[in-house]
Amino acid sequence: MSPINVKLQKRMNIFKLMNIEITNKEWLYMLKDETRNSIMIEGFFSDEEELEKIIAGNHRSSNEAVNYFRTAKNFYSIALEMHKTNEDIPCLSIVKSIHRMLFENLVDPRRLGDFRYGKVIITGSKINPPEYDIADWVRLWCNYTKYVFERYSPDEASARSHVFFECIHPFEDGNGRIGRILLNFFLIKYGLINITVKGMKKKERERYIQSLESAEKGFIGILNQVPKKLSPEFVDENIKEEDIKPLKDLILESLIEAMDRYICIFEKDFVTTQEAARILNTSVDNVFKMISRKNIIATKDKGRWRIPRRFLMD
Ligand SMILES: Nc1ncnc2c1ncn2[C@@H]1O[C@H](COP(=O)(O)OP(=O)(O)OP(=O)(O)O)[C@@H](O)[C@H]1O
Ligand SMILES: [Mg+2]
């Protein structure tokens with residue numbers, strides 16, 4: 001088990017003292033950002049006006065963006081309650097219900113929540129997702145996810161869990177979006193916050209897909225076995241740290257960014273980069289470097305950095 005990243009630990013210490021609430025307006029804007037990126041990975045564009053309407057609570061229709069937003073909001077609230085009550089996750093039902101809500105009014109209602117029948121191909125991947133026993137595979141995935149979250153730092157656990165879900169590819173369509181919603185579901189359940197996997201730019205999508213390609217290597221020899229006979233420990237032994245690293249790093253960066261944004265929602269006293277330079281007795285250039293290395297907690301708002309004074313000296 002690798003030690004927890006110090007920059008992440010710093011944010012986690014602040015998070016421990018916070019009473020996480022996820023339905024405030026700022027958080028809804030974070031969710032809008034996540035939606036826009038997540039559906040763009042699939043090639044769907046979101047209509048800003050429509051997302052604004054759903055934030056305001058007056059949108060009834062269905063499309064990829066609206067359904068993503070609604071589903072994420074709903075399941076992240078459930079995850080937050082599960083975090084607070086410390087109740088166990090009825091994981092298979094959660095996975096199926098996410099599919100149900102994500103595709104509501106978009107596919108034949110009889111297919112909502114249904115795992116796929118037969119083969120599926122992941123374009124460009126060397127992985128052959130299992131053909132049979134999909135429910136057993138998802139059950140194994142659930143146990144595996146709980147196992148890794150108990151054992152690894154959240155970034156490492158999320159990476160291991162996310163790639164396994166994508167390798168199983170349990171549904172005919174929507175596996176990427178459902179996998180990313182589940183990733184966030186578990187982050188919230190374990191006391192953290194939902195991240196945005198960036199996908200607006202071609203480069204960002206490529207980075208995400210390439211990191212999955214690297215991470216999936218350990219699963220090639222597993223997916224042709226009988227899931228009922230496999231344990232989380234066995235699955236985990238097949239995954240090499242160096243293969244999972246690109247996906248772990250991507251998640252770590254996104255997580256730090258999301259946590260900083262979330263922390264800043266509740267701060268009132270911010271300093272500018274100039275003021276920060278004066279306080280830290282350094283150059284403004286150096287402050288920019290510290291921000292980009294995530295040594296300082298900060299968020300960008302309309303092109304300007306906002307730095308909460310409280311955590312500047314930590
Ligand atoms: N090489 C790979 N190994 C494992 N998983 C992969 C690989 N390449 C892509 N994926 C996953 O497959 C997803 C696409 O699957 P699918 O079309 O079922 O989901 P989607 O939600 O409709 O699409 P998208 O995730 O692109 O929005 C990608 O988003 C990614 O998460
Ligand atoms: Mg698709």
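Residues numbered from 1 in each chain as written. Chains lettered and ligands numbered in written order. Predicted model: local features only at pLDDT ≥ 70, side-chain atom pairs only at ≥ 80, totals over all residues. Heavy atoms only, no water.

## Let's talk about the site of ligand 1
Here is the rule: One heavy atom suffices: a residue is near a molecule or strand as soon as one of its heavy atoms comes within 4 Å of it. Under the rule applied, a polar contact is a pair of N or O atoms within 3.5 Å (in protein, one hydrogen donor and one hydrogen acceptor; residues adjacent in sequence only if both atoms are side-chain atoms). Accessibility throughout is a Shrake-Rupley quantity obtained with a 1.4 Å probe, and a residue counts as covered only by protein chains that appear here. Cavity means a closed set of points on a 1 Å grid over the protein atoms alone, one where a 1.4 Å probe fits but cannot get out, pocket means an open set with protein on both sides within 12 Å along at least 5 of 7 lines, and lining means a residue has an atom within 4 Å of a point. Pocket occupancy is defined atom-wise: a molecule lies in a cavity or pocket when more than half of its atoms are within 2 Å of its grid points. To qualify as a helix, a DSSP run of H or I must reach at least 4 residues; to qualify as a strand, a run of E must reach at least 2; elements of each kind are numbered from the N terminus. Residues are grouped as follows: Ala, Val, Leu, Ile, Met, Phe, Trp, Tyr, Cys and Pro are nonpolar; Asp, Glu, Lys and Arg are charged; all remaining types, including Gly, are polar.
Contacts to ligand 1 come from 18 residues, most closely from Glu42, Asp173, Arg177, Tyr208 and Glu216. At 2.7 Å from an oxygen atom of ligand 1 is found a side-chain nitrogen or oxygen belonging to Asp173. The side chain of Tyr208 places a nitrogen or oxygen atom 2.8 Å from an oxygen atom of ligand 1. In isolation ligand 1 offers 600 Å² of accessible surface; the protein chains occlude 91% of this area. Judged by the proximity of its atoms to the pocket grid, ligand 1 belongs to the second largest pocket. Taken together, the elements giving at least two residues each to the shell around ligand 1 come down to α2 (25–41), α8 (175–189) and α9 (202–215). Along the lines of polarity and charge, the residues of the shell around ligand 1 split into five nonpolar, six polar and seven charged.

## Topic: the environment of Ile78
Short version of the rule: We call two residues in contact when some of their heavy atoms are within 4.5 Å.
Inspection of the secondary structure puts Ile78 in helix α4 (residues 64–85). If we skip the residues at most four places from it in the chain, Ile78 touches Ile94 and Phe185.

## Focus: the domain arrangement of the protein chain
Stated formally: Either an automatic procedure or a domain database provided the assignment from which the domain bounds are taken. We define buried area as the total accessible area lost by two parts upon association, computed with a 1.4 Å probe and summed across both. The working definition used for a salt bridge is a side-chain nitrogen of Lys or Arg within 4 Å of a carboxyl oxygen of Asp or Glu.
Annotation of the protein chain at the domain level lists domain 1 (6–266) and domain 2 (269–314). Just the C-alpha atoms count here: the centres of domain 1 and domain 2 sit 31 Å apart. Taken together, the contact between domain 1 and domain 2 spans ten residues of the former and twelve residues of the latter. Summing the contributions of domain 1 and of domain 2, the shared interface buries around 980 Å²; its carbon and sulfur component is 64%. When the area that domain 1 buries against domain 2 is broken down by residue, the three leading residues are Lys7, Lys10 and Cys264, summing to 50%. In this assembly, domain 1 and domain 2 are joined by zero salt bridges. Linking domain 1 with domain 2 are three residue pairs in polar contact (both at pLDDT 80 or more). Residue assignment for the side of domain 1 that touches domain 2 shows that the elements contributing at least two residues are α1 (6–16) and α11 (241–265).

## Description of the state of the cysteines
Simply put, disulfide is the name for a covalent bond between the sulfur atoms of two cysteines. Quick reminder of the rule: Disulfides are defined as pairs of cysteine sulfur atoms found within 2.5 Å of each other.
All chains considered together, the criterion is met by one disulfide. Disulfide pairing places Cys91 opposite Cys142 at an S-S distance of 2.2 Å. Across the disulfide from Cys91 to Cys142, rotation about the S-S bond amounts to roughly -80°, and the bridge is consequently left-handed. With Cys91 in helix α5 (residues 91–102) and Cys142 in helix α6 (residues 134–151), the pair connects residues that are 51 residues apart, well separated along the chain.

## Remarks on the side chain of Asp260
Counted only if it meets this: Accessibility here uses a 1.4 Å probe with only protein chains present; expressed as a share of the type maximum, an area under 20% marks a residue as buried, one over 50% as exposed, and anything in between as partly exposed.
In this fold, Asp260 is placed in helix α11. With a relative accessible area of 2%, Asp260 lands in the buried category. Here the side chain of Asp260 touches Arg11 through a polar contact of 2.7 Å, side chain to side chain. Dropping the residues within four chain positions of it, Asp260 is found in contact with Arg11, Ile296, Ile297, Ala298 and Thr299.

## Let's talk about the coordination of the magnesium ion (ligand 2)
Note the cut-off: Ligating atoms shown are N, O and S within 2.8 Å of the metal, or 3.2 Å for Na, K and Ca, and water is not included, meaning a site may look less than complete.
The protein atoms that coordinate the magnesium ion (ligand 2) are Glu42 (OE) and Asp173 (OD), at distances spanning 2.1 to 2.2 Å. In this pair, Glu42 sits in the loop between α2 and α3 (48–55) while Asp173 sits in the loop between α7 (154–168) and α8, placing the two residues 131 residues apart along the sequence. According to the relative accessible area criterion, Asp173 is partly exposed, its value standing at 39%.

## Remarks on the packing of α7 against α9
Packed helices, taken two at a time, are described by the angle between their axes plus the distance between the axes. Spelled out, the test is: Interaxial angle, 0 to 180 degrees, is taken between N-to-C directions of lines fitted to C-alpha atoms, where a helix line uses only the stretch in contact. Should an angle lie under 35 degrees it is considered roughly parallel, over 145 roughly antiparallel, and from 65 to 115 roughly perpendicular; all remaining angles are considered oblique.
Relative orientation of the contacting elements α7 and α9 amounts to 85°, with a least axis distance of 10 Å. Taken together, the axis directions place α7 and α9 in an arrangement best described as roughly perpendicular. Across the interface between the two elements, His162, Val163 and Glu166 of α7 pack against Tyr208, Leu212 and Ala215 of α9. Looking at side-chain class alone, the contact of α7 with α9 contains four nonpolar, one polar and one charged residues.

## With respect to the nonpolar core
How we decide: Nine residue types can take part in a nonpolar core, namely buried Ala, Val, Leu, Ile, Met, Phe, Trp, Tyr and Cys, and a core is a set of them joined through side-chain atoms within 4.5 Å.
Counting 92 residues, the largest nonpolar core has Trp141, Phe164 and Phe219 as its most contacted members. Here this core gets twelve residues from one element, more than from any other, and that element is α11. Split by domain, this core shows at least three residues from each of two domains, domain 1 (6–266) and domain 2 (269–314). When neighbours within four sequence positions are excluded, Trp141 is seen to be in contact with Cys91, Val95, Ser161, Phe164, Phe165, Ile168, Leu182 and Phe186. Core analysis: the second largest hydrophobic core is formed by nine residues, Ala277, Ile291, Ala298 and Leu312 among them.

## Description of empty space enclosed by the protein
This is how it is decided: Grid points are joined across faces, edges and corners, and a volume is the space filled by probe spheres set on the points.
The final tally for this structure, using the stated rule, is one cavity of 30 Å³ or more. The volume enclosed by the largest cavity comes to roughly 40 Å³. For the lining of the largest cavity, the secondary-structure elements that each account for two or more residues are α2 and α8. For the lining of the largest cavity, the per-class residue count stands at three nonpolar, three polar and two charged.

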